[in-house]
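Structural overview for review
So the chains spell out like this:
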Amino acid sequence: MIIRYKYGFLISGILYVWKEGKLFRAAQMINKRFYPFKELPLIDVGNNKGYLVAKKRKSLKQLKDMTIFVNYERQEINSSDCPF
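Below, the structure is looked at part by part.

About the cut-offs
Chains are numbered independently. Their residues run from 1 in the order of the written sequence. It should be noted that, the model being predicted, local features are given only for residues of pLDDT at least 70 and side-chain atom pairs only at 80 or more, the latter also being counted only at that level, while totals for whole chains, interfaces and linings use all residues. The side-chain quantities take in all heavy atoms of the structure and omit both hydrogens and water. Only one rule defines a salt bridge in this text: a Lys or Arg side-chain nitrogen within 4 Å of an Asp or Glu carboxyl oxygen. The helix count covers DSSP runs of H or I at least four residues long, the strand count covers runs of E at least two residues long, and both are numbered beginning at the N terminus. Stacked, edge-to-face and tilted labels apply to pairs of Phe, Tyr and Trp rings (six-membered ring for Trp) whose centres lie within 6.5 Å, assigned for plane angles under 30 degrees, over 60, and everything in between, in that order. Working definition: with a 1.4 Å probe on protein chains only, accessible area under 20% of the residue-type maximum means buried, over 50% means exposed, and in between means partly exposed. By this definition, two strands are paired if DSSP reports at least two bridges between them. To define axes, lines are fitted to C-alpha atoms, for helices over the stretch in contact only, and angles between the resulting N-to-C directions are given on a 0 to 180 degree scale.

1. Brief notes about the pattern of salt bridges
Under the definition given, this model contains 4 salt bridges. Taking the shortest distance from any N to any O, the salt bridge between Asp44 and Lys49 comes out at 2.7 Å. Across the pair Asp65 and Lys61 runs a salt bridge, and its minimum N-O distance is 3.9 Å. Note that Asp65 and Lys61 are positioned in helix 1 (residues 60-66) at a spacing of 4 residues, about one turn of the helix.

Quick look at the structure:
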């Protein structure tokens, strides 16, 4: 199954994508380190809500201004033959 993500942003060389109002870190290999696909939790940033992206606190308004069209695809395996 292929899941498509239209919008996201790139910060400090790390790709983040939006899906159904939630923010995800895209799976990627940076140098020799692998970063898995991960949903990020919503946190308090001052008096507003936001996310911790690339070790920096960003509010939803800041992330909205950084969001661009990314066209990212991720393959997900949903089969009873796989052990996971």
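Having seen the model, we can carry on.
2. Some words on the packing of aromatic side chains
One pass over the structure, following the stated rule, counts 8 aromatic pairs. Between Tyr5 and Phe24 the ring centres are 6.3 Å apart and the planes differ by 55 degrees, which places this aromatic pair in the tilted class. With a gap of 19 residues between them, Tyr5 in strand 1 (residues 2-11) and Phe24 in strand 3 (residues 22-25) connect regions that are remote in the sequence. For the pair formed by Tyr5 and Phe24, the shared burial category is buried.

3. Concerning the sheet that holds strand 7 (residues 43-45)
Spatial ordering of the open sheet is given by 7-8-9, a layout of 3 strands whose pairing is antiparallel. Where the open sheet ends on each side, the last strands, each with one partner, are strand 7 and strand 9 (56-59). With strand direction ignored, the average angle separating the axes of adjacent strands in the sheet is 55 degrees. The pairing of strand 7 with strand 8 (residues 48-53) spans 3 bridges and is classified as antiparallel. Looking across to strand 8, one finds that Val45 is bridged to Asn48.

4. What to know about the pairing of strand 3
Here strand 2 (residues 14-19) pairs with strand 3 via 4 bridges, running antiparallel. Opposite Tyr16, over in strand 3, you have Arg25 as the bridge partner. Once strand 2 ends, the chain turns through 2 residues before running back antiparallel as strand 3, passing Glu20 with a positive phi of about 55 degrees. Bridge count between strand 3 and strand 6 (residues 38-39): 2 bridges; the pairing is antiparallel. Counted as the bridge partner of Arg25 is Lys38 from strand 6.

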